[in-house]
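Analysis of the macromolecular model
Residue-level listing of the chains:
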Amino acid sequence: MSTNETTPPANFIRQIINHDLKENKHNGKVATRFPPEPNGYLHIGHAKSICLNFGIAAEYQGTCNLRFDDTNPEKESIEYMESIERDVKWLGFEWSGLYHASDYFEQLYDYAVQLIKQGQAYVDSLSAEQIRAYRGTLTEPGKESPDRNRSIEENLDLFARMRAGEFADGQYVLRAKIDMASPNINMRDPAIYRIRRVHHHRTGDAWCIYPMYDYTHCISDALESITHSLCTLEFEDHRPLYDWVLEQLQTPSHPQQIEFARLQLEYTIVSKRKLNQLVMENHVHGWDDPRMPTIAGLRRAGFTPNAIRDFCERIGLTKQNSWIEMGVLEYCIREDLNENALRAMAVLQPLRIVIDNYPEGQTEQLEISNHPQRPELGKRNVPFSKVLLIEQDDFAKIPPPKYKRLVEGGEVRLRGSYVIKCNEVVEDAEGRVIELRCTYDPDTLGKNPEGRKVKGVIHWVSEQHAHPAEVRLYGRLFTVPNPDNEENFLDVINKDSLEILPDCRVEASLAEASPESRYQFERTGYFCLDAKDSGADRLVFNRTVTLRDGWVKD
RNA sequence: UGGGUCGUCGCCAAGCGGUAAGGCACGGGGUUUUGAUCUCCGCAUACCAAGGUUCGAAUCCUUGCGACCCAGCCA
């Protein structure tokens, strides 16, 4: 909801639009679109495109459509469509219009007929293999198909019969007649229609021929009067074809395609094919696994729409291929959550401590702030009693240098509570610390002790009042910054990306937590109540990100 | 001598002929009942390289070098 009036950073697309506006190129209108293929879940790379397209539209009082590029029914589904709508909304955007390339199948067909009539498309009987052979190579021109000079009448007849279902899949293809010797391979008579008897999730079995991307996308943009068609760098070579189709067809509008570099994030992947593989082969627990770079995964991990939008703004927009460090994304979520997440105490790996000088059976409710810098977020009661639980890491038999937590004979502050002193360490037969006998200083609640300085502060819960919880610690999915560079990206999956702590104890107030609510567990990180696996009497928290750790260990 | 695109700090990124913004990361100081936050300071005589034009070049020109994309009836 930040309505800060900071001017958005300059980037080359805004410069183009500003220039177009000055020239009154599209009657002062700006219309964009976000055009995913519904063949998978949206990921952080799509978020960049979403923020760009919807952001530009909002900034220029323009429009932005959500359009499903559903021309290849083989890989697409309703589930994916629904997830995409859900994720775009969750990110905080509203589309001006919701369209599908399949809405245009009839018009697309008519336009194809027009191309044929103009002598600019022909039905080819070459097989896929033959077409590949005829295409030539990167350095050698292609050869013309024997069918290239088929008469218009025959092409019209054949194309109609392709639609009517008279031919087998792959028997014929409709090709644009451009230039088999073009140095740009995309212009060597690209296929624009193929025969494919596959049930389409929206048009059912009405069609057995489907238009190809290059032919469909430009016309869809034109039909929606898109002014700026923003896509990623790999489509640069397709722009001449985009323009060619629209020029031949004399469409009422001719959008401008502009390409930008897709997002690449270290220690993860954003290839839909590979993400799909991770899900299908159960390397993760579904598209919304908190380790996934999908919007659904980030959401379940506890990321906020705000943080993701901020991230997309921070990484900039250029035509340079680049790799963004995870630290940037982590910074964005920490910044948001530090500001907005309520604080709470949770002990992930409990160590029992007994306050010997505290009365048996007594409980006092300590009032603790929900946020150290924002008093308006209120206070909560945290019960204190004789037996407490602290983090195993917060006690050391042999402390490392500069250790400022609890040691035998030493003092430490219990966050929001008293200063305690450890008098005795109880160990089991193997020498493992199983309990600490402590005393507390009753005169240190809300004030510093007399005549001595206590540096360390640790978190705690009351054993009898705390609630059990499962905490899931998520780490990066891969062990190397660029898994895509590996021979097989599965080889570099981080086997330790998920650590489940089944026996944690969280403070009493957390029993009230609602699904997807986010907290800072003081001193350990930001956590989100898992929306799927938490229930009435089961608390499951996912770690979104750790706290920054400025402790320079030796 | 196939075509297209791109080279500014460890990672992003402004800059558009007038003498290198900003963010992240990193290092150091201060505050702090989170080793968090906050705050202060530091961090490219240098813009892929070499020539050239100019009073003046990261910006213009030339020539190199490096990286990425393209030969689906995928998008």
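The rules behind the values
- Residues numbered from 1 in each chain as written.
- Chains lettered and ligands numbered in written order.
- Predicted model: local features only at pLDDT ≥ 70, side-chain atom pairs only at ≥ 80, totals over all residues.
- Heavy atoms only, no water.
- Buried < 20%, exposed > 50% of the residue type's maximum accessible area, 1.4 Å probe, protein only.
- Helix = DSSP H or I, 4+ residues; strand = E, 2+ residues; numbered from the N terminus.
- Arc of directions from axis to C-beta.
- Contact = heavy atoms within 4.5 Å.
- Pairing = 2+ DSSP bridges.
- Axes fitted to C-alpha atoms, helices over the stretch in contact; angles between N-to-C directions.
- Core = buried A, V, L, I, M, F, W, Y, C linked by side-chain atoms within 4.5 Å.
- Domains from an automatic or database assignment.
- Phe/Tyr/Trp six-rings, centres within 6.5 Å; stacked < 30°, edge-to-face > 60°.
- Lys NZ or Arg CZ within 6 Å of the ring centre and 35° of its normal.
- Buried area = accessible area lost by both parts, 1.4 Å probe.
- Polar contact = N/O pair within 3.5 Å; in protein donor to acceptor, adjacent residues only side chain to side chain.
- Parallel < 35°, antiparallel > 145°, perpendicular 65-115°, else oblique.
- Left-handed = near helix turned anticlockwise from the far one by under 90°.
- Nonpolar A, V, L, I, M, F, W, Y, C, P; charged D, E, K, R; others polar.
- Near = heavy atom within 4 Å.

A short note on helix H11 (residues 305–314)
- What H11 keeps buried is the set Pro 305, Ala 307, Ile 308, Phe 311 and Cys 312. In a view along the axis of H11, the buried residues occupy a sector of 165°, so they form one face of it.
- As for H11, its buried residues are in contact with helix H2 (44–59), helix H3 (78–90), helix H10 (295–301) and helix H12 (326–340).
- Looking one or two places after H11, you find Gly 316, whose phi comes out positive at around 80°.

Concerning the sheet that holds strand S3 (residues 98–100)
- Within the open sheet, the 3 strands sit side by side as S1-S2-S3. Their pairing is parallel. At either margin of the open sheet sits one strand with a lone partner, and together these are strand S1 (31–34) and S3. Taken over all neighbouring pairs, the strand axes of this sheet differ in orientation by 35° on average, direction set aside.
- Relative to strand S2 (residues 63–68), S1 runs parallel, the two sharing 4 bridges. In the sheet register, Ala 31 faces S2, and the bridge partner there is Thr 63.
- Helix-sheet contacts for H2 involve S1 and S2, and the interaxial angle to S1 is about 160°.

Focus: the nonpolar core
- The biggest cluster of nonpolar side chains holds 40 residues, and the ones touching the most others in it are Ile 44, Ile 50, Phe 54, Val 88, Leu 91, Ile 308 and Phe 311.
- Elements that contribute at least two residues to this core include exactly H2, S2, H3, H10, H11 and H12.
- The element best represented in this core is H2, accounting for 6 residues.
- Counting contributing residues per domain, this core is built from domain 1 (14–260) and domain 2 (272–343 + 469–546), each supplying no fewer than three.
- Setting aside residues up to four positions removed in sequence, Ile 44 forms contacts with Leu 263, Leu 265, Val 270, Pro 293, Ile 295, Leu 298, Ile 308 and Phe 311.
- Counting 37 residues, the second-largest nonpolar core is a separate cluster that includes Phe 105, Ile 178, Tyr 215 and Ala 222.

Regarding the environment of Met 187
- Within the secondary structure, Met 187 sits in the loop between strand S5 (173–176) and strand S6 (191–195).
- Since its relative accessible area comes to 11%, Met 187 is described here as buried.
- In this structure the C-alpha to C-alpha distance between Met 187 and Pro 240, which are 53 residues apart in sequence, comes to 7.7 Å.
- What Met 187 contacts, discounting residues up to four positions off in sequence, is Ile 178, Asp 179, Ser 182, Pro 240, Leu 241 and Trp 244.

So, the packing of aromatic side chains
- With the rule as written, the count across this model stands at 22 aromatic pairs.
- Taken together, a centroid distance of 5.9 Å and an interplanar angle of 75° make the contact between Phe 105 and Trp 207 edge-to-face. Of this pair, Phe 105 sits in helix H4 (residues 105–117) while Trp 207 is found in the loop between S6 and strand S7 (209–211), placing the two residues 102 residues apart along the sequence.
- Residue classification places Trp 207 among the buried residues on the basis of a relative accessible area of 8%.
- Feature note: the residues Phe 105, Tyr 109, Phe 159, Tyr 193, Trp 207, Tyr 210 and Tyr 215 constitute an aromatic cluster, connected by ring pairs.
- Stacked on the ring of Tyr 134, the Lys or Arg Lys 143 has its end atom at 4.6 Å from the ring centre.
- Residue placement shows Arg 476 over the ring face of Tyr 267; its charged tip is 3.9 Å from the ring centre.

Quick look at the domain arrangement of chain A
- When the domains of chain A are assigned, the result is domain 1 (14–260), domain 2 (272–343 + 469–546) and domain 3 (352–360 + 384–459).
- The straight-line distance from the C-alpha centre of domain 1 to that of domain 2 is 35 Å.
- The partner domain 2 presents 26 residues to the 24 residues of domain 1 that form the contact.
- Contact with domain 2 buries surface across domain 1, with Tyr 41, Ile 44 and Trp 90 losing the most and accounting together for 34% of the total.
- Our enumeration of links across domain 1 and domain 2 arrives at 6 residue pairs in polar contact (both at pLDDT 80 or more).
- Counting only elements with at least two residues in the side of domain 1 that touches domain 2, the list comes to H2, H3 and strand S9 (256–260).
- Element by element, the count of residues in the side of domain 1 that touches domain 2 is highest for H2, at 6 residues.

So, the packing of H4 against helix H7 (residues 213–223)
- Between H4 and H7, whose axes approach to 11 Å, the crossing angle comes to 110°. Classified by the angle between their axes, H4 and H7 sit roughly perpendicular to one another. For the pair H4 and H7, the sense of crossing is right-handed. Contacts between H4 and H7 pair Gln 107, Leu 108, Tyr 111, Ala 112 and Leu 115 from the former with Tyr 215, Thr 216, Ile 219 and Leu 223 from the latter.
- Its residues assigned to classes, the contact of H4 with H7 comprises 7 nonpolar, 2 polar and no charged.

A look at the sheet that holds strand S17 (residues 419–427)
- Read from one edge of the open sheet, 7 strands run S19-S16-S17-S18-S12-S15-S20, paired in mixed fashion. Strand pairing shows two members of the sheet lacking a second neighbour, strand S19 (457–458) and strand S20 (460–462), which therefore form its edges.
- With 3 bridges joining them, strand S15 (residues 387–391) and S20 adopt antiparallel strand pairing. For Leu 388, the partnering residue across the bridge sits in S20 and is Ser 462.

Here we look at the side chain of Asp 189
- Here Asp 189 lies in the loop between S5 and S6.
- If we skip the residues at most four places from it in the chain, Asp 189 touches Tyr 122, Arg 148, Arg 175, Ala 176, Lys 177, Ile 178, Asp 179 and Met 180.

Considerations on the protein's contact with RNA strand B
- Not every one of the 70 residues close to RNA strand B is listed here, only the nearest: Asp 237, Arg 314, Arg 343, Arg 415 and Gln 520.
- Taking the atoms of RNA strand B that fall within 4 Å of the protein, sugar and phosphate contribute 66% of them.
- Here a phosphate oxygen of RNA strand B and a side-chain polar atom of Thr 318 are 2.7 Å apart.
- Within the contact set of RNA strand B, a base nitrogen lies 3.1 Å away from a side-chain nitrogen or oxygen of Trp 551.
- Of all the secondary-structure elements, those providing two or more residues to the surface near RNA strand B are helix H5 (128–134), S6 and H12.
- When residues of the surface near RNA strand B are assigned to their parent elements, the largest contribution, 4 residues, is made by H12.
- Broken down by class, the residue content of the surface near RNA strand B amounts to 25 nonpolar, 21 polar and 24 charged.

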